Amino acid sequence: MDAAGLRHCIQGTLSPDANTRQQAETELKAAEETPGLLDALLNILSAEQDNGIRLSTVVYFKNRVNKGWVKAGDTQPPNSITEQEKATVRARLVPTLATAQPNARAQLVVALQKILHCDFPKHWPDFVDITVKLLHAQDVQSVFAGLQCLLAICRTYRFKLGDSRGDFDQIVATTFPQLLNIGNSLAGEESIEAGEMLRTVLKAYKHAVYFELPMHLRAHGAMVDWCTLFLRVVAKDPPASSMLEDLDERELNHWWKCKKWAYVNLNRLFVRYGNPASLAKGNGEDYTEFAKSFISTFAPEILKGYLVQIEKWVQKQTWLSKPCLSHTLAFMDECVKPKQMWDHLRPHMPILIRHLVFPVLCQSDEDLEQFDDEPAEYLHRKLNFYEEVSAPDVAATNFLVTLTKARRKQTFEILTFINEIVNRYEAAPDDQKNPREKEGALRMIGTLANVILGKKSPIADQVEYFFVRHIFPEFRSPHGFLRARACDTLEKFESLDFKDPNNLTIIYRNILESMADEALPVRVEAALALQPLIRHDPIRQMMQQNIPQIMQQLLKLANEVDVDALANVMEDFVEVFAAELTPFAVALTEQLRDTYVRIVKELIDRNELRETDEGYGDFLDDKSITALGVLQTIGTLILTLESTPDVLAHLETILMPVIAITLEHKLYDLYNEIFEIIDSCTFAAKTISPTMWQAFELIHQTFKTGAELYLEDMLPALENFVNYGHGALLQNPAYLECMVDMICTIFKDDKVGGVDRICGCKLAEILMLNLRRGIDDRVPEFIQLAMRVLTSDELKIKSYRIHLMEMVINAVYYNPRLSLNVLEANGWTNKFFSLWFSSIDSFTRVHDKKLSIGAITALLTLRGDEVPHSVQQGWPRLLQGIVRLFQTLPAAMKNREEAQREEDFGLGGDYEEDEEEDEAEWEHEDWQQEESEAETTDVKDESTAYLDFPSQQAAKFNSAVGEDEADDELEEESLLETPLDQMEPYGLFKTALHCKTVRPHRDVLLLIHCHTALSQQDPTLYAQLTATLGPEEQQVIKGAIEKADHVAAQQAALQEQQANGGDASGVQQQQQPHTNGAG
């Protein structure tokens, strides 16, 4: 398509007529297959005068590059861009960028970034030379284009470390001296264009130093020059053109963005490279000497520059944007722990607390307006404040926490200030009270709650009096934001133990009244405060009387505002007050369903409006997280109703719309909780209702439409469908076919890895264990799927190998003759038995050992002529293998018992744990170490543990690749039930070997048709098997048979007592402990 025709199509996409637009879009879609499309778009862009067409052209160009430009050697998408066309674009893009209008330039930069990611430096080796030439040009447009190109290079290397940075050090050494010259020149300008260019300079530096500090920039001279530039920008009086009336628009102005990036760069240098106490270990570089120099030479000057700006702000001589305030506080936060910087900061603390931290924490005009007009937004801002990375109040809160934890003496200074504020408020006449100050003071003390209530705190016993005097009255404040803060402060001091029980009654009454407050934020804060109060026995007992009404209020709130924390409150209450809520379970579930469906429909509507090519998944926003919380509450409710099957059956029907809407609309973020609900329903009921079979059909449809990677989440529910619905699977071949299809798909899908295929192994295993003699036609395929992987060169972690082997071992246990025929026909028999018995000690769980014992026992029933010739010589190893399994089985059973004891199946809720953890955190703190030590030394920076962790994990991963993971052991799965739980391995073995005592077994054990003893039936084979056993091994065999007799005697006594109507508990206690764990 020529440029004129292409331009006509683009113009058509802007037509108000829908048919014209649709036809134009269809023609443009077809044009993607035409060679030279991008070149034609650049032709239009260079000559076009119409702003609408120009912008549409550049957006189309950017989208075509993003979709069709891939790295050489990567899988090419349909209609990918040819190498010839790529070369043409590379030659023309930068000159076009240099002459482009601002709105078009922004789109071209995105396309340039994509191309560099794919092609630089290998396929665009002269790009740096082009950039350098532009940076030294004499016209502004060319220089700006050079800045954009250098920024794109720095972005390309931003996340690269070590060797992967390639020649970046040389690029920086070549380009950054001129970049510095340009920056210094621009810093003296006033125009908006100069501000945009300077912003680009500062962002290029930011990306260049993000993960590593290039060698050129570490030099003392370069550091002096760049830090001087940054501090010059910080101190620069903003041009008049940047002081817009609208504060949000003002912050977006290029000159204020310049200030922001100057702060960011200075902070980054100190936090990542310049503070010796917080250097990350193992990041590939040793910055120790650099850090020592930086903290003694540069950091004090940076702090001094910041303090000058704060002084001007306090005196109202200048305005500072939110990012400027936030980064200032963040820098001060970093100055608290190192002694060198604390010495500089400490003299300023009283002024900073009073005139910076406190004002920032107080409600602004904007906050109060939002409280009244947009209460839901106010709540999201206040409850999810950690998401507001540039919010000054977040930085101030973090600063206070660091300060009071690291420098304990400061806690008393801050509390003195808080007392001054609240006492002044208390004493003032009503018309002179300043509610904003009181609210800010309560916010400050709430921030310090963990410190104040620390174990050795000398002031913890004074908090109750503070509550009674200064917080209780605010529950009835005429100011809604103060009522909300009173509730919030109560929640913050959740671990406070009130001495006077009357105060708990007052709190409970006030919180209940606040839950009916006219202001939405007060109602929500009251609900959140009620959650931790249930640890107090008096309050919990009072709540038992009206928990249904409280749940109704919570559900009503959940429908008024999407706050995920409310769902956590409901989940806790459902767990703690299970008995009280059981009569209301059906109504409660209906309301939870309606709430969930409402939220999800809003999610679906929003996703349909959002224009995106990403059809896979959805990011977790407030609505998604709230929906997630509702699902978790439903899941908890189901678990509390395990003893009421009739109620559960009703709930399954109620919840089908929840399951259907989530799976049908591919809400991937919510899949895990949906599958857990299906798992809980089927596990608690121990039967599969027609409603749950409908859910199974949905699971299979979901799996087949792009959710293969969610098999691990589906697996517990699928195992329940087999365990408790195996009869229906045999009667309904379509359901069985769905199960087998998922197993085959997971093994044949290239997108999935070993972890997902382990799930396939487990699903095949549960089918073979439950469907005895019902899937003979499927077992050969299961063996083939496993053996093809086991005999391939594919890298397999240990747990994956074990599960693959157990897939075949299950087949042997299911039908030894059939399985040996399949193995022999494919030449796999000797290979498999070698793998199995060389790995016998890797089968560590009770489940593994029982399975291998069952399979070996099944093989022992074969006649000599049924043993394949390829393994006859090694056949005696069967008894040696089972001896080893019996030797290690008792230890495995003990290990499983211990693992199950560690599991907390209680639904009562333990509200002491969190408190104990908080107290333990301060156990070794000494509040009396004021000036003597804590104020005069470095404080250990525990946050470096986080910095060290990623590099340690990366090193561990790199060293493990290709190796046999020694610690990759299978863990006991305490909630999994399989027919192996009912296997009594000693009796099974004795029956096969000697057949002296024949006991009735369940269906699962009827595969052993042992009408005559092996020793009688095939004396030659029996002699071969036993001849290789040493005295110790023979003793193990003897012990296993004696154990079988002992267990049989216990069971006989139990049956006799039960038949006589006696108490069999004593016999039960002597038997082996039975658990649901299959290992």
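Residue positions are given per chain, counted from 1 along the sequence in the order it is written. Per-residue local features are limited, in this predicted model, to residues with pLDDT of at least 70; the limit for side-chain atom pairs, both in listing and counting, is 80 or more; totals at the level of whole chains, interfaces and linings are taken over all residues. Computation of side-chain values covers all heavy atoms of the structure but excludes hydrogens and water.

Here the focus is the overall build of the protein chain. Numbering goes from the N terminus for both helices and strands, where a helix is a DSSP run of H or I of at least four residues and a strand is a run of E of at least two. Broken down by element type, the protein chain carries 54 helices and zero strands. The 1079 residues of the protein chain split such that 54% are buried. Here the analysis covers contacts within the protein chain between residues at least 6 apart in sequence; of these, 75% occur between residues at least 24 apart. Summing over all exposed atoms, the protein chain offers an accessible surface of approximately 47800 Å²; the carbon and sulfur share of this is 50%. Three labels apply to residues, based on accessible area from a 1.4 Å probe with only protein chains included: buried if under 20% of the type maximum, exposed if over 50%, partly exposed otherwise in between. Any pair of residues with heavy atoms lying within 4.5 Å of one another is described as a contacting pair. For the accessible areas, the method is Shrake-Rupley and the probe is 1.4 Å, while residue cover comes only from the protein chains on display.

Two rings belonging to Phe, Tyr or Trp (six-membered ring only in the last case) form a pair when the distance between their centres is within 6.5 Å. Interplanar angles under 30 degrees mark stacking, angles over 60 mark edge-to-face geometry, and anything in between is tilted. Applying the stated criterion to the full structure yields 43 aromatic pairs. Ring centres 4.9 Å apart and planes at 40° place the aromatic pair Tyr205 and Trp226 in the tilted group. With a gap of 21 residues between them, Tyr205 in helix 10 (residues 192-208) and Trp226 in helix 12 (residues 220-235) connect regions that are remote in the sequence. Consider the rings of Phe467 and Phe498, whose centres lie 5.9 Å apart with planes at 90°: the pair is edge-to-face. One end of the pair, Phe467, is in helix 26 (residues 463-471); the other, Phe498, is in the loop between helix 27 (480-492) and helix 28 (501-514), and 31 residues separate them in sequence.

Right, let's get into helix 10. For helix 10, built from 17 residues, the straight-helix expectation of 24 Å at 1.5 Å per residue is met to within 8% by its first-to-last C-alpha distance of 25 Å. The buried fraction of helix 10 is high, at 13 of 17 residues. Here the expected span of a helix is defined as 1.5 Å times the quantity of residues minus one.

We now examine the packing of helix 16 (residues 299-314) against helix 17 (residues 322-335). If you want to describe how two helices pack, look at the angle between their axes and the distance between the axes. Axis definition: a line fitted to C-alpha atoms, over the contacting stretch in the case of helices. Angles run 0 to 180 degrees between N-to-C directions. It is at 11 Å that the axes of helix 16 and helix 17 come closest, and there the two elements cross at 135°. Accordingly, the angle class assigned to the pair helix 16 and helix 17 is oblique. Here helix 16 and helix 17 pass one another in a crossing that is left-handed. Residues Ala299, Ile302, Leu303, Tyr306, Leu307, Ile310 and Trp313 of helix 16 form the contact with helix 17, whose own contacting residues are Leu325, His327, Thr328, Phe331 and Met332. Classification convention: Asp, Glu, Lys, Arg as charged; Ala, Val, Leu, Ile, Met, Phe, Trp, Tyr, Cys, Pro as nonpolar; all other residues, Gly among them, as polar. Across the contact of helix 16 with helix 17, the residue classes break down as 10 nonpolar, two polar and no charged. Orientation categories follow fixed angle ranges, with anything under 35 degrees roughly parallel, anything over 145 roughly antiparallel, 65 to 115 roughly perpendicular, and all other angles oblique. Should the near helix be turned anticlockwise from the far one by less than a right angle, the crossing is termed left-handed; should it be turned clockwise, right-handed.

Turning our attention to the nonpolar core. Ranked by internal contacts, the top residues of the largest apolar core, which has 339 residues, are Phe573, Leu767 and Trp836. Excluding residues that lie within four positions of it along the chain, Leu767 makes contacts with Val722, Leu729, Leu736, Met739, Val740, Ile743, Ile775 and Phe782. Only buried residues count toward a nonpolar core. Its members are Ala, Val, Leu, Ile, Met, Phe, Trp, Tyr and Cys residues joined through side-chain atoms within 4.5 Å.

Take a negative patch on the surface next. On the surface, Glu369, Asp372, Asp373, Glu374 and Glu377 cluster together into a patch of negative charge. For the negative patch, the element with the highest residue contribution is helix 20 (residues 365-373), accounting for three residues. Along the chain, the position of Asp372 falls in helix 20. The exposure class assigned to Asp372 is exposed, which follows from its relative accessible area of 59%. In this scheme, patches are assembled from residues that exceed 30% relative accessible area and form no salt bridge. Like charges are connected within 9 Å, while nonpolar side chains (Val, Leu, Ile, Met, Phe, Trp, Tyr) are connected within 5 Å. Any carboxyl oxygen of Asp or Glu within 4 Å of a side-chain nitrogen of Lys or Arg constitutes a salt bridge here. Working convention for charge: Lys and Arg count positive, Asp and Glu count negative, and His plus the chain ends are omitted. A charged residue contributes its charge at one atom only: NZ of Lys, CZ of Arg, CG of Asp or CD of Glu.

Turning our eyes to something else, we now look at the side chain of Thr991. Relative to the helices and strands, Thr991 resides in helix 50 (residues 985-993). Overall, Thr991 belongs to the buried group, its relative accessible area being 7%.

With their axes 7 Å apart at the nearest point, helix 1 (residues 3-13) and helix 2 (residues 18-31) run at an angle of 140° to one another. By the angle class used here, helix 1 and helix 2 are oblique. Taken as a pair, helix 1 and helix 2 cross one another with a handedness that is left-handed. Every residue of helix 2 that contacts helix 1 at Leu6, Cys9, Ile10, Gly12 and Thr13 is listed here: Thr20, Arg21, Ala24, Glu25, Glu27, Leu28 and Ala31. Classifying every residue of the contact of helix 1 with helix 2 gives six nonpolar, three polar and three charged.

A separate point is the pattern of salt bridges. Enumeration over the complete set of coordinates arrives at 41 salt bridges. Close ionic contact of Lys990 with Asp1045 constitutes a salt bridge, the shortest N to O distance being 2.3 Å. One end of the pair, Lys990, is in helix 50; the other, Asp1045, is in helix 53 (residues 1031-1059), with 55 residues separating them in the sequence. Because the salt bridges share partners, they merge into one network encompassing Arg354, Glu420, Arg424 and Glu437.

This brings us to helix 9 (residues 168-187). Where helix 9 bends most, at Thr175, the angle is about 40°, and the proline Pro177 comes one to four residues later. Listing the buried residues of helix 9 in full gives Phe168, Ile171, Val172, Thr175, Phe176, Gln178, Leu179, Leu180, Ile182, Gly183, Leu186 and Ala187. Those residues of helix 9 hidden inside the fold are in contact with helix 7 (127-135), helix 8 (140-157), helix 10, helix 11 (215-218), helix 12 and helix 14 (254-274). Here the bend at a residue means the angle between the axes of two seven-residue stretches, the one that ends at it and the one that starts at it.

Geometrically, the link from Phe120 to Pro121 is a cis peptide bond, its omega value of 0° lying close to zero. Considering the arrangement of structural elements, one finds Pro121 in the loop between helix 6 (102-119) and helix 7. Notably, Lys686 is not glycine yet its phi reads approximately 55°, a positive angle. Position of Lys686 among the secondary structure elements: in the loop between helix 36 (671-685) and helix 37 (690-704). Under the relative-accessibility criterion, Lys686 is labelled partly exposed at 34%. In this structure, Arg773 is a non-glycine residue whose phi angle is positive, near 60°.

The next point concerns the confidence of the model for the protein chain. If pLDDT is low for a region, its predicted coordinates should not be looked at in detail. Summary statistics for the protein chain give a mean pLDDT of 85 and a share of 86% for residues scoring 70 or more. Confidence per residue, as judged by the predictor, is encoded in pLDDT with a range of 0 to 100. By mean pLDDT, helix 48 (residues 913-921) is the weakest element of the protein chain at 39, and helix 12 is the strongest at 98. Confidence drops under a pLDDT of 50 for residues 611-619, and excluding neighbours within four residues, the segment shows 17 contacts in the predicted structure. Note that pLDDT drops below 50 for residues 945-967; the model gives that stretch 14 contacts with residues more than four away or on any other chain.

The next point concerns the side chain of Thr861. Here Thr861 shows up in the loop between helix 45 (846-860) and helix 46 (869-872). Throughout this description, a polar contact denotes any pair of N or O atoms lying within 3.5 Å of each other; where both atoms belong to protein, one of them has to be capable of donating a hydrogen while the other can accept it, and for residues adjacent in sequence the pair is counted only when both atoms sit in side chains. Only 2.5 Å separates the side chain of Thr861 from the backbone oxygen of Ala858, close enough to count as a polar contact.

If you trace the backbone, Cys487 turns up in helix 27. When the C-alpha atoms of Cys487 and Met515 are compared, they prove to be 9.9 Å apart, with 28 residues separating the residues in sequence.

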